[in-house]
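Take a look at the letters that make up each chain.
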Amino acid sequence: MKKLVFSLALLSLVFTSCTSSDDDVVTTPPTATGEITGDITAAKTYTKGVYTIKGTVRVKSDVTLTFEAGSVITADVADGTDALLVEKGGKLNISGTAAEPVVFTEKSKTAGSWGGIIMFGDAPIVSGKTADGTPITTATSEDGTNIVYGGTNAAHNGGSLKYVRVEYAGKKILDGNSEMNGFSFYSVGSGTVLENLVAYKGADDGFEFYGGTVSAKNLISYGNTDDSFDWQDGWQGQANTNWYAYQTGAGNFGMEIEAKSVNNTFFPKVSNITLRRAAGTATEAGNPLEIDAIQFKKEGNGEYTNVVISGYTNTAVSGTTTVNAVAVRIQDAATNTNQVLTGKIKMLNVKIVDTNTAQWGAGAAFTVSFLPANFTTSAAASGAVLTPGAWAIVDGVNLLGNL
């Protein structure tokens, strides 16, 4: 009996010595392995594991592909063109967490080594107008797959991507003119969930939207050598928030915004944006003048609220042209006339950290002049707010360290 009492007392002592650290998330290592290749023609779930991806894997229409939290999928540049492509009607469900993201990476850790995640839907796009002014509502993808995209289903649902990181994507393929990004969304609809996504050190854009109605929350574009965020084809997402770009090494615009020279009546909305450019960051080869935080061209527009801009202080020279970086560049006169002067470009509560960075500038010989209500500044602007965790850490580097 004395031994039993002593044991119970010892057990009680051990139990009561626990601390709040016992609430910390404990992750288990991945266990499953395998190669992902070819077409996905039936519903498939990859449990938490370490996988390779070989070639362009296509999720076919009416099929759902699922990855569990904590999975790591590795491409290999030696394969040729690796990519994960969701065709119109297919779905991709990735349920990572802040502690256990799903990571798509590449063996050599070299920018531009694979094609990233590409999703197609049938939400509306406007890719131009015919000679008689009729809107063109379809287009062919620029990723080398030559898939026609565009439709009428604004609520298209391509699945759910949560806590997903894509590393070293942005592959240039075929004749060198076709390019892939970290994440490419072609006419993706508002029924699709995009939350807590990272595009890391790709050789093209971090995120690009080709029309559609989808919105994205909590995005990190880190070290991508073209634009951090880019869109065209009349993209009109309305519920975008917490976008963070950190440009380092090489990079062009923080945000490149265009609408295929169509003066649309609608525009996207993004709130809580932070755009930072590290000292010494150069532009991508062949694009010496793309040094601004945000560029609007070809009738690009939108409403942007609570924006922090810092580090855009470069001076660029191309031939006889010398350009100083600005926070907002209006590249052409049509965009100035149809978007700036009509209030379809709104920059609200903007903080420009560097005193030598002008608020705006023109891309040619015309004068940009925002109405006071459409470009407002605020020293209290805070920009993006993002949750820390393993999803934002690569090789020990906290991607939010400069936020």
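Residues numbered from 1 in each chain as written. Predicted model: local features only at pLDDT ≥ 70, side-chain atom pairs only at ≥ 80, totals over all residues. Heavy atoms only, no water.

Within an unreviewed UniProt entry, the label attached to the protein chain reads Lipoprotein, and the organism entered is Flavobacterium yafengii.

Where burial is concerned, the two faces of strand β25 (residues 294-297) agree: the one with I294 and F296 and the one with Q295 and K297 are both buried. Both strand β23 (residues 255-258) and β25 contribute to a ladder of 4 bridges, which runs parallel. Bridge pairing in β25 places E258 opposite K297. Alignment of β25 against strand β29 (residues 326-330), held across 3 bridges, turns out to be parallel. Directly across from Q295, in β29, lies its bridge partner R329. (Buried < 20%, exposed > 50% of the residue type's maximum accessible area, 1.4 Å probe, protein only. Helix = DSSP H or I, 4+ residues; strand = E, 2+ residues; numbered from the N terminus. Pairing = 2+ DSSP bridges.)

Let us now look at helix α2 (residues 333-340). Along α2, the residues classified as buried are T335, N336, Q339 and V340. For α2, the arc enclosing every buried residue in end-on projection is 105°, short of the 170-degree limit, so these residues lie on one face. (Arc of directions from axis to C-beta.)

Our focus in this paragraph is the packing of aromatic side chains. Using the criterion set out here, one finds 27 aromatic pairs in the structure. Ring-pair connections join several aromatic residues into one group, and the members of that group are F183, F185, F207, F209, F229, W231, W235, W243, F296 and Y304. Lying over the aromatic face of Y46, K44 brings its terminal NZ or CZ to 5.0 Å of the ring centre. (Phe/Tyr/Trp six-rings, centres within 6.5 Å; stacked < 30°, edge-to-face > 60°. Lys NZ or Arg CZ within 6 Å of the ring centre and 35° of its normal.)

The next point concerns the nonpolar core. Formed by 70 residues in total, the largest nonpolar core has its most connected members in F67 and F104. Among the nonpolar cores identified, the runner-up in size contains 17 residues, and Y222, A278, W391 and L399 belong to it. (Core = buried A, V, L, I, M, F, W, Y, C linked by side-chain atoms within 4.5 Å.)

Tracing the backbone through its elements, the reader meets T66 in strand β4 (residues 64-68). Not counting residues within four places of it along the chain, the set of residues in contact with T66 comprises K44, T45, Y46 and N93. (Contact = heavy atoms within 4.5 Å.)

Attention now moves to the environment of T342. Tracing the chain through its elements places T342 in the loop between α2 and β30 (345-352). Looking at T342, its side chain comes within polar contact range of the main-chain oxygen of N338, at 2.5 Å. (Polar contact = N/O pair within 3.5 Å; in protein donor to acceptor, adjacent residues only side chain to side chain.)

Below, the discussion takes up the environment of E100. Looking at the secondary structure, you find E100 in the loop between β7 (91-95) and β8 (102-106). Not counting residues within four places of it along the chain, the set of residues in contact with E100 comprises T27, T28, K48, A69 and G70. Side chain to side chain, E100 and K48 meet in a polar contact 2.3 Å long.

Moving on to unusual backbone geometry. In this structure, N146 is a non-glycine residue whose phi angle is positive, near 55°. Look at N146 and you get exposed, because its relative accessible area is 54%.

This part covers empty space enclosed by the protein. Summed over the entire model, instances satisfying the criterion amount to 1 cavity of 30 Å³ or more. Volume-wise, the largest cavity comes out at about 70 Å³. Forming the walls of the largest cavity are W231, G234, W235, I257, E258, A259, N264, F266, F267, P268, G300 and N301. When the residues that make up the lining of the largest cavity are grouped by side-chain class, the tally is 7 nonpolar, 4 polar and 1 charged. (1 Å grid on protein atoms, 1.4 Å probe; cavity = no way out; pocket = protein on both sides within 12 Å on 5 of 7 lines; lining within 4 Å. Points joined across faces, edges and corners; volume = space filled by probe spheres on them. Nonpolar A, V, L, I, M, F, W, Y, C, P; charged D, E, K, R; others polar.)

The next point concerns the layout of surface pockets. Here the largest pocket is characterised by a volume of approximately 220 Å³. Forming the boundary of the largest pocket are 15 residues, of which D205, D226, D227, D230 and E256 lie nearest the centre. Mapped by element, the contributors of at least two residues to the lining of the largest pocket are β21 (229-232) and β23. Grouping the amino acids of the lining of the largest pocket by side-chain chemistry returns no nonpolar, 2 polar and 13 charged. In terms of lining, the second largest pocket is formed by 14 residues, of which the most central are L289, V323, R329, Q331 and G363. Broken down by class, the residue content of the lining of the second largest pocket amounts to 5 nonpolar, 6 polar and 3 charged.

This part is about the pattern of salt bridges. Per the stated rule, a full pass over the model turns up 9 salt bridges. Residues D76 and K107 are paired through a salt bridge, measuring 3.9 Å at the closest nitrogen-oxygen approach. With D76 in the loop between β5 (72-75) and β6 (83-86) and K107 in the loop between β8 and β9 (117-120), this pair connects stretches of sequence that are 31 residues apart. K107 gets classed as exposed once you look at its relative accessible area, which sits at 62%. Among the salt bridges present, the one from R329 reaches D292, with a minimum N-O distance of 2.9 Å. Residue R329 is located in strand β29, and its partner D292 is located in the loop between β24 (269-277) and β25; the two are separated by 37 residues in the primary sequence. The residues R329 and D292 share a single accessibility class, namely buried. Put simply, R58, K60 and E87 are held in one network by salt bridges that share partners. (Salt bridge = Lys/Arg side-chain N within 4 Å of Asp/Glu carboxyl O.)

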